[in-house]
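# Fold and geometry: a report
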Amino acid sequence: MPGATYFDFQPGQAEAMVRGMASAVGGGTGLTSTRAAVLDAVARNIFGIDVALDQLEPMGPSELAQALDPLLARGAVRGMVTLEIVDEVTPEIATRVEAYARALGVDEGMLTVARDYS
């Protein structure tokens, strides 16, 4: 069902999650085509939003933390990790994702496990 979501987001939360994930994994150089395709599919099919990923304003860790409750924060970090491992994991991306996880108050042991697996 197009436009259906798995969550009832408060206004702006879905967009914040997408912006935060794109910022954490894309950094200053932007998302790879693989990561962009995955995030686009997530935005449309899970969050129910259609966004132009290449036109999103960056969202820093603190700003994202202010926009999300703890449950969504955990989901955002899981999304970041997923995006991170679908392509080459660089030290820069790993450091950014860890910074977002810290700001969001998410202690994710899966960061290491996922990277080892990839």
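Predicted, not measured: the structure shown is a model, and the values here were computed from it.

Structurally, E88 is set in the loop between α4 (70-85) and α5 (91-103). What makes E88 exposed here is its relative accessible area of 59%. Once residues within four sequence positions are removed from consideration, E88 is found in contact with R35 and I93.

Looking at where A103 falls in the secondary structure, it is placed in helix α5. Owing to a relative accessible area of 34%, A103 belongs among the partly exposed residues under this scheme. Along the chain, A103 and S62 lie 41 residues apart, while their C-alpha atoms are 5.9 Å from each other. Ignoring anything within four residues of it in the chain, the contact list for A103 reads P61, S62 and A65.

On to the nonpolar core. Counting 31 residues, the largest nonpolar core has M17, V18, F47, L64, L68, M80 and L104 as its most contacted members. The greatest single-element share of this core, amounting to eight residues, is contributed by helix α1 (residues 13-26). Not counting chain neighbours up to four residues away, the residues in contact with L68 comprise Q13, A16, M17, A73, A76 and L104.

So, about the packing of α1 against α5. The geometry of α1 relative to α5 is characterised by a closest axis approach of 7 Å and an angle of 145° between their N-to-C directions. Contacts from G20, S23, A24, V25 and G26 of α1 reach α5 at I93, R96, V97 and Y100.

Another point: α5. Over its 13 residues, α5 runs 18 Å from end to end, which matches the ideal 18 Å to within 8%, given 1.5 Å per residue. The set of residues buried in α5 consists of I93, A94, V97, Y100 and A101. One side of α5 carries all its buried residues, which in axial view fall inside an arc of 125°. Turned more than 90 degrees from where α5 packs its buried face, P91, E92 and R102 sit exposed. G105 sits one or two residues past α5 and shows a positive phi near 70°.

Thresholds applied
Residues numbered from 1 in each chain as written. Predicted model: local features only at pLDDT ≥ 70, side-chain atom pairs only at ≥ 80, totals over all residues. Heavy atoms only, no water. Helix = DSSP H or I, 4+ residues; strand = E, 2+ residues; numbered from the N terminus. Buried < 20%, exposed > 50% of the residue type's maximum accessible area, 1.4 Å probe, protein only. Contact = heavy atoms within 4.5 Å. Core = buried A, V, L, I, M, F, W, Y, C linked by side-chain atoms within 4.5 Å. Axes fitted to C-alpha atoms, helices over the stretch in contact; angles between N-to-C directions. Expected span 1.5 Å × (residues − 1). Arc of directions from axis to C-beta.

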